[in-house]
Amino acid sequence: MKLADVCRSMEQWAPLAWQESYDNAGLLVGDPSMEVKGVLISLDCTEEVVEEAIQKGCNVIISHHPIVFKGLKSLTGKNYVERTVIKAIQHSVALYASHTNLDHAPKGVSYHLAQQLGVHGKVLLAAENALKQISYFVPIAQQEAVRIALHAAGTGNIGEYSGCSFSSEGIGRFTPSVEANPVIGQQGIPTEVQEIKVDMIFPSYLESSILQTLKKVHPYEEVAYYIQSLGNSWNEVGAGFIGELDEAMSGEDFIQYIKKTLGLSAIRHTPILDKAIKKVAVCGGAGSFLISEAKRQGADAFLTGDLKYHEFFDGENSCMLCDIGHYESEVMIKDAIHTYLSNIFSNFAVLKSETLTNPVRYA
């Protein structure tokens, strides 16, 4: 298998189009045509992780955090970022990162944090402007072949339903020019054809490939279609996760439950509220931007990492805020990536890094 195959599989789960504008997810180091000997999965990519990959015979590292986040202006080894990249290049180890795109993906980082805590629910802040609709016109005889091809290209998936479309019948009219090569009708003669108009929803990042498919399988020389953006929220894609615990518990018991379940020695949190904790919101990584949304949706508690001092005031005695640490809120994604890739590739090793990359210590 080639490195491009591994990259493609990761991007089927977490398309690069879903990353934030400031991010740098994707293939950072490596030749896509390189043969994969083994994959090492880590939350961070450091010199120690590269060395671990070398020792374990892995020539690909997939990390959540991209080692190259800001632009590199030199490669002289003056800091850990440059040294890590140099070491990877010297030993032909490819570096790939799936970051905010994996945060936003279905069953992404926050989903797996919620699963570990026993929180069952939905995406907290669903993605906006991530869906489009294509409408096209096709002769009745060819409608099924075109529809099947477009479904295979990624159209018509809504939640747990696939193959979704809506069709309406009508008359198509056109006059081929003398330069045209019509499948139906003759040059210079007005033509009427019994046609079907088909509407399908699709993820906006697939627009180019879907149009290529439509033009390839459609019988007409000139395909009639239009695409429009939708205001619909995509409830499977977005930031954070919110849901309910199986049983409500006191604030004090909830803190102890978090520590025990996630194996934490300490948690920063706002004062314990005099109410039961049942509805819980989470966000892996730095999730302070979701505090207001968690409160708006009635969360009794919100777990994330990297809260600043003044952000703790935003709980406003209605939602208990818990800072469990950036690393601690995301490290479980290693297991998810390992399971995902192991189910796809069986002809090379997929391993989880044993290197502790968390730079934070608690005394």
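Structure: see above.
Residues numbered from 1 in each chain as written. Predicted model: local features only at pLDDT ≥ 70, side-chain atom pairs only at ≥ 80, totals over all residues. Heavy atoms only, no water.

With respect to the secondary-structure elements, A276 resides in the loop between β11 (268–269) and β12 (277–286). Accessibility expressed as a relative area gives 45% for A276, which makes it partly exposed. Taking C-alpha positions, A276 is 41 Å from L40, a pair spaced 236 residues apart along the chain. Aside from chain neighbours lying at most four places away, what touches A276 is A248, M249 and D300. (Helix = DSSP H or I, 4+ residues; strand = E, 2+ residues; numbered from the N terminus. Buried < 20%, exposed > 50% of the residue type's maximum accessible area, 1.4 Å probe, protein only. Contact = heavy atoms within 4.5 Å.)

A positive phi angle is found at K107, which is not glycine, with a value near 55°. Position of K107 relative to the elements: it lies in the loop between α4 (100–104) and α5 (109–117). A positive phi is found at D306, a non-glycine position, where the angle reads about 65°. Looking at the secondary structure, you find D306 in the loop between β13 (301–305) and β14 (320–323).

A few words on the environment of D300. Its place among the elements puts D300 in the loop between α9 (291–296) and β13. Residue D300 is classed as buried on the basis of its relative accessible area, which comes to 11%. Once the C-alpha coordinates of D300 and M320 are considered, the two residues, 20 residues apart in sequence, prove to be 6.3 Å apart. Aside from chain neighbours lying at most four places away, what touches D300 is K275, A276, I277, K278, K279, S318, C319 and M320.

All chains considered together, the criterion is met by eight aromatic pairs. Between W18 and Y205 the ring centres are 5.5 Å apart and the planes differ by 80°, which places this aromatic pair in the edge-to-face class. Of this pair, W18 sits in the loop between α1 (3–13) and β1 (26–29) while Y205 sits in the loop between β8 (191–203) and α7 (207–217), and the two are 187 residues apart along the sequence. Here Y205 falls in the partly exposed class, since its relative accessible area comes to 33%. (Phe/Tyr/Trp six-rings, centres within 6.5 Å; stacked < 30°, edge-to-face > 60°.)

With that settled, the discussion passes to the side chain of S63. With respect to the helices, strands and loops of the structure, S63 is situated in strand β3 (residues 60–63). For S63, a relative accessible area of 3% gives the class buried. Of the polar contacts made by the side chain of S63, one reaches the backbone oxygen of H65; its length is 2.8 Å. (Polar contact = N/O pair within 3.5 Å; in protein donor to acceptor, adjacent residues only side chain to side chain.)

If you walk through the whole model with that rule in mind, you get 14 salt bridges. Residue R8 is joined to D5 by a salt bridge in which the shortest nitrogen-to-oxygen separation is 3.0 Å. With R8 and D5 both in helix α1 and three residues apart, the pair spans about one turn of that helix. What you see here is one network of salt bridges that share partners, running through E52, K56 and E354. (Salt bridge = Lys/Arg side-chain N within 4 Å of Asp/Glu carboxyl O.)

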